[in-house]
Amino acid sequence: MLRLDGVSRLFGGLPALDRVCFDVARGRVTALIGPNGAGKSTLINCITGVDTPTGGTVTFQERDITGLAAHRVSRLGIARTFQNLRLFPRLSVLDNVLCGLSGEGGRSMVMAMLRLPYLRHRERLLKLRALEALDRFGLADKASWPASILAYGDKKRVELARATVGRPDLLLLDEPVAGLNSDETAAVGEQLRRLRAGGHTILLVEHDMELVMDIADQVVVLDSGRCIAVGSPDEVRRNPVVLEAYLGQMEATA
Amino acid sequence: MSPIRRDKVLYFLFLHRTGLFVGLLTAALMLFPLIEDNPYTLGLTNLIAINTIVVLGLNLFIGYAGQISLGHAAFFALGAYGSAVTTVAGGMSPWPAMLLVAVLVGLIALVIGIPVLRLTGHYLAMATLGFNFVIHTVLLEWDEVTGGPSGFSGIPPLGWGDFLFDSEVRLHYLLWGSAMLCLLLSLNLVRSGVGRGLAGLAGDETAAASLGVDTKRAKVKVFVLSAVFASLAGSLFAHCYGFVSPDSFGIFTSADLVIMVVVGGMGSIWGSLLGAGLITLLPEWVDVFATYKDFVHGGILVLVLMFLPQGLVTGIVDLVRVKIALRRRKHAAA
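Please read these numbers as outputs of a predicted model, since none were measured by experiment.

(A) Region of the structure containing the UniProt feature "transmembrane region" (unreviewed entry) in chain B. Residue and element names in this part refer to chain B. With numbering matched to this structure, UniProt assigns "transmembrane region" (unreviewed entry) to residues 12–35, 47–66, 73–92, 98–117, 173–190, 222–244, 256–279 and 299–320. Secondary structure within residues 98–117 divides into 95% helix and 0% strand; the distance between the first and last C-alpha atoms comes to 26 Å. Along residues 256–279 one finds 83% helix and 0% strand; the C-alpha atoms at either end are 8 Å apart.

This is the structure we're talking about:
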C-alpha cells in the first residue's frame, strides 16, 4: 500500500535518511525500529509531508506522494500521531477528536458562516462519531474536559482517537507507548490489535520491543538513516546485523 | 407541564443556546433606545457597534488563525474612503457602493495576504504595520481624491427611498443590526468544522496540517474575511458620520483594535463585544484615560498579556473551565 523507494533526507549534507526502501502491506502492522537518532521520526515526517525528502519517491496506493504538502497527504487517507504530543490544549477533548474529521464537515467558509440545516445535521453526525471514537478508547466521560488537564496516558489515547476517527487507510504511529507504564502500554497494545483486526494498516515507530515483537507482522530496522533489515519479527530478532547495531549501541552507552 | 415535556423543552433550548443568546441580546438592543434616547450616549454605543464589527473579524484572524495584524485600521480606512469616493465623486448609490468596496478591499487583502502571510510573529506584525503606514500616507498626501489631512466631507447617509439613517436612534438600529449579523456569522463559523480547523491552526500549525487543514490557504481566507468585515465597518462609519479624516485610521487605531481583541480574549467571539465596548467607553468614563489614552491602553495590553496571555475574557473562561474539570476529576476519583 505504501512504498518507499530510495528515500533520502540530507540535513546540510549529513544524511538523516539514506536511500530507505521498504513496503507497508495493507491490513498489516509494520514496525519501524532502530536506535535513537536512526531517522525514524524523520522518515515519518517525510511520508506525511511535514518534511520533504531530498531524494527518492514515496508511493501511496499507486500514487506518487513525494513532497506533497501535509494537508494533501492527510486528505489522501494517511493519519498520524506525534512522538511528543500535539493536541490542541485549549480545545475540549471532543473538539480535538472532531479536528480529525475536519474535512468531512465541508471546507467552505461561507457555508459554515450561514450554518445551513444540512451542515447542522452533518455536524451532529460528526459529533456522534467522535464520541464513539472516544468511547473506544474509554474517554467518553472526559469529552468536555479541556485537553490540557488530561493525564499523559489519556492525552496519548486522545491523539490515537483523533488519528483513527476518520478511518484512515494508513495510520502512522510515532511511539504511541513512550512514557506509559506497563498497564497503559498493555492497554494501548490491545487497542492496536483491535485496530488491526478492524482492517487498519499501521506503520508503528516504537522502542518498546515487547510490543513490537508482539503485534508487528513485519519489522523494518533503521540505523544511522539506513535500512539494515526487513523481515518478520523472528527473522529480525536473529539477524546478526541488527544485533550488532543494538548491542554496539549498548556498549557505547555502557 | 410533564417532566418529559419539560426536559424536551430544556434540551431544545440547550441545543439552540447560541441562537437564543443572540436573539435575546438583539431584542435587548432593539429596546435600548426606548430607555436611553440621549443622542450622545447613542453616538457612543453606535461607535461600539462599528468597532465590534472590525474586532470580530480581527479576532477571527488573531484568535482563531493565530496570526497578528497591526494594520487593520488600513482596511477600515479603505472601506470608509472607498464608500466616500464612490458615492460622492463616483455618484454611486451607497448600498451597492458598500458591496463593491467590500469586494475590492477583499481583493486587496488577498493580494497582500498571499505573500505577507508567509511571515509569522514579529515579521508579520511589522509587515502589516507597514501596510497601515502606506495607506495612512496615501490618505494624507493624495489630496485630490482623499481631501488630504483636512478629510473628506459631505458623504450621504444610508437609507431606502425617503427613509434615511440620519439620526442617532435610526443609526442605532442600522449599526447594531449589522453588528449582530456579523456576530451570528462569526459564531456560526467557529462552531463549524472550518472553525475547529482554524482553532487547531492557532494551537499547533503542524498538527493542524497533518489533520488535513490547508494552513496557508486558511490563513489567507481568514485575513480576507477580516478585511471585508473591517471594510464594511468603515463604510458604515463613513455614512454614519458623513465625514472621514486620516486621523481615524492611523497605527494607533490599529493598536487599539488589537487591544480590544486582547481584552475581549483571543478566540472569544462574545468577548469581542466586551473588548470593543470597554475600550471605546473607557476614555468617556474616566477623564484621566481620555488625556493619557495611549498610555492607559498600552498599560492594559501589557498587564493582560503578562497575566492572561489568552486575553481577559478567554483567560478567565479558561481558568474556570479548568477549575470545573479538575473538580469533576476529583469527584470521579473519589
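(B) The arrangement of the domain arrangement of chain A in detail. Residue and element names in this part refer to chain A. Considered domain by domain, chain A is made up of domain 1 (1–77 + 178–254) and domain 2 (88–167). Counting residues at the interface gives 10 residues for domain 1 and 10 residues for domain 2. Together domain 1 and domain 2 conceal approximately 820 Å² of surface at their shared face, both sides included; 61% is due to carbon and sulfur atoms. It is Arg75, Gln191 and His200 that lose the most area in domain 1 upon contact with domain 2, and together they represent 43% of the buried surface on that side. Counting residues per element, the side of domain 1 that touches domain 2 draws most heavily on helix 7 (residues 182–197), at five residues. Along the lines of polarity and charge, the residues of the side of domain 1 that touches domain 2 split into four nonpolar, three polar and three charged.

(C) Inspection of the confidence of the model for chain B at higher detail. Residues at a pLDDT of 70 or more form 99% of chain B, whose mean pLDDT is 90. Across chain B, the element-wise mean pLDDT spans from 72 in helix 14 (residues 287–291) of chain B up to 96 in helix 5 (residues 94–116) of chain B.

(D) Seen up close, empty space enclosed by the protein. All names here are of chain A. For the coordinates displayed, the defined rule picks out three cavities of 30 Å³ or more. Volume-wise, the largest cavity comes out at about 40 Å³. Thr81, Phe82, Lys156, Glu159, Leu160, Asp174, Glu175 and Pro176 are the residues that line the largest cavity. Take the lining of the largest cavity: its biggest share by element is three residues, from helix 6 (residues 152–164). Residues of the lining of the largest cavity, tallied by class, amount to three nonpolar, one polar and four charged.

About the cut-offs
Residues numbered from 1 in each chain as written. Chains lettered and ligands numbered in written order. Predicted model: local features only at pLDDT ≥ 70, side-chain atom pairs only at ≥ 80, totals over all residues. Heavy atoms only, no water. UniProt positions renumbered as here; feature names shortened; annotations may be inferred. Helix = DSSP H or I, 4+ residues; strand = E, 2+ residues; numbered from the N terminus. Domains from an automatic or database assignment. Contact = heavy atoms within 4.5 Å. Buried area = accessible area lost by both parts, 1.4 Å probe. Nonpolar A, V, L, I, M, F, W, Y, C, P; charged D, E, K, R; others polar. pLDDT = per-residue confidence, 0-100. 1 Å grid on protein atoms, 1.4 Å probe; cavity = no way out; pocket = protein on both sides within 12 Å on 5 of 7 lines; lining within 4 Å. Points joined across faces, edges and corners; volume = space filled by probe spheres on them.

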